[in-house]
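Chain residues, written in single-letter form:
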Amino acid sequence: MSNHTLILVIALLAVGTYALRLGGVLLARRIPAADSPGQAVEASPGSAPATDPGPTAGVRATVSRLLPYAAVALLAALAATAAVIESGEFAGYARPAGVVAGVVAGLLRAPFAVAVVLAAAVAASLRLLGVP
Amino acid sequence: MRTAWRTLGPRTVRDILTVAVACCFVGVSYGAIAVASGIPTWAVVAFSVFVFAGGSQFLAVSLVAAGSPVTAVLGGLLLNARHLPFGLTIADALGTTWPRRLIGSHLLIDESAAFALAQPDAPRRRAAYWLTGIVLFVLWQFGTLVGIAVGSNIADPASFGLDAAFPAALLLLILPRLREAAGLRVATTAAVVSVVTALVLPAGLPVLLGLLGLVAIGRRPDRSSDQRPPASGDASPTPATAPTPAAAPTPATAPTPGTTPTPATSEATT
């Protein structure tokens, strides 16, 4: 990929992300107190809480409920394909085995860095032993 | 920092620093993976400085390395869309002057929003937001540079298992969400759809198709998840540390509001 394309990707992603951040901050001024931080904490993700479900509030509740899951879906999809696919084909056993080891470590409350290093170490060890 | 210490108390400051260090390690893995996948150094740094959102950086770097720039932008923006509702929620923590709004917006990540939300009053919200945002921004850049140094010295990423580190890091970031039924359903469906389609479709598309996993969410998230703070979606880079109260930065996913940098990766890369 050319440097120009890469610059364009970075610029579009940076500007778009900043716009999303600033947009929320600026919009907040126009929206009545219904979402003061305190309430937001209780009422957030999907709960469509008791308070005024106006049409806008309904849409917003739905969106704020779905967004976190959209992120989960995207990251899970990326992780899954990265774990088992290489150039459109099965990537071998060592890599997914390492990933599973790292996730299990995380489930057992190992620190992030430890779990990530473990994933790499397991995959590397298996390859050393001849596992594809 | 001294002011923040007084306003927030040692406990909160310590929590913030703990999260920042964890985030730094995510930055290291981002830098190492990105460089190892063939992204030029300047671009790896530019993503960290100008985008400053870990999950989307991992995604973008991975898709760029796979040769699909368009999906890199679309997927990254989709991932960062959660910043909008987070901005709505914690706008008052930035301050009211324009410089504060303009600069503060760039520091809006899962962790800064989470720590701000956890504070009981406006002055503390503001102190927590800025301290978290600035410290994480600095450490994220530092982590990225260290990662670049590490990644550049590795001849074959696969022999060190770096290709396994990336997907593992992503899953660890969303681990909190995977502990709840709805999140697990969504993630599993997304994983299956993307892997199956990856066997036939060009790189990039399968990840976006993972959004079909949302059909598995059910009409409403589990009760338990309703009680949590605003979930953010993705990944915040801090894994297991999660210090604070509710909204505190838990690693990945969920509960935290803004998002933060998650690393990037690339797998398909090589």
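If you're wondering where the values come from, they're calculated on a predicted model, not measured in any experiment.

A few words now on the overall build of chain B. On a plain count of helices and strands, chain B comes out with 14 helices and 0 strands. In chain B, the succession of α and β elements from N to C terminus is α-α-α-α-α-α-α-α-α-α-α-α-α-α. For chain B, buried positions account for 69% of its 270 residues. Restricting to contacts in chain B with at least 6 residues of sequence separation, those with at least 24 account for 76%.

On to the overall build of chain A, then. The secondary structure content of chain A amounts to 5 helices and 2 strands. At a minimum sequence separation of 6, the contacts of chain A that also span at least 24 residues come to 30%.

This paragraph deals with unusual backbone geometry. Despite not being glycine, Arg109(A) has its phi angle at roughly 75 degrees, a positive value. One can find Arg109(A) in the loop between helix H4 (94-107) and helix H5 (112-128). The class of Arg109(A) is exposed, set by 10 C-beta atoms lying within 10 Å. A positive phi angle, close to 50 degrees, is found at Phe52(B), a residue other than glycine.

Our next topic: the interface of chain B and chain A. The partner chain A presents 73 residues to the 101 residues of chain B that form the contact. If one sorts the elements of the side of chain B that touches chain A by residue count, helix H10 (residues 162-173) of chain B sits on top with 12 residues. Broken down by class, the residue content of the side of chain B that touches chain A amounts to 66 nonpolar, 24 polar and 11 charged.

By the secondary structure assignment, Arg124(B) is in helix H9 (residues 122-152). The spacing of Arg124(B) and Arg6(B) is 118 residues in sequence and 9.8 Å in space, taken between C-alpha atoms.

Let's shift gears to the nonpolar core. Of all hydrophobic cores here, the largest spans 132 residues; its most connected members are Ala73(A), Leu74(A), Ala76(A), Ala119(A) and Ala168(B). Looking at this core element by element, the count peaks at 17 residues for helix H3 (residues 55-84) of chain A. Counting contributing residues per domain, this core is built from domain 1 (1-177 + 234-270) and domain 2 (181-220) of chain B, each supplying no fewer than three. Non-local contacts of Ala73(A), meaning those with residues more than four positions away in its chain, are made with Val186(B), Ala187(B), Ala190(B), Gly210(B), Leu211(B), Gly213(B) and Leu214(B).

For helix H1 (residues 3-27) of chain A, built from 25 residues, the straight-helix expectation of 36 Å at 1.5 Å per residue is met to within 8% by its first-to-last C-alpha distance of 35 Å. Of all the positions in H1(A), only Val9(A), Ile10(A), Leu13(A), Thr17(A), Tyr18(A), Leu20(A), Arg21(A), Leu22(A), Gly24(A) and Val25(A) are classed as buried.

Once that is clear, we can look at helix H8 (residues 110-117) of chain B. A large share of H8(B) lies buried, amounting to 8 of its 8 residues. Regarding H8(B), the residues found buried are Asp110(B), Glu111(B), Ser112(B), Ala113(B), Ala114(B), Phe115(B), Ala116(B) and Leu117(B).

Reading the values: the criteria
Residues numbered from 1 in each chain as written. Chains lettered and ligands numbered in written order. Predicted model: local features only at pLDDT ≥ 70, side-chain atom pairs only at ≥ 80, totals over all residues. Helix = DSSP H or I, 4+ residues; strand = E, 2+ residues; numbered from the N terminus. Buried ≥ 20, exposed ≤ 12 C-beta atoms within 10 Å, placed from the backbone. Contact = placed C-beta atoms within 7 Å. Nonpolar A, V, L, I, M, F, W, Y, C, P; charged D, E, K, R; others polar. Core = buried A, V, L, I, M, F, W, Y, C linked by C-beta atoms within 7 Å. Domains from an automatic or database assignment. Expected span 1.5 Å × (residues − 1).

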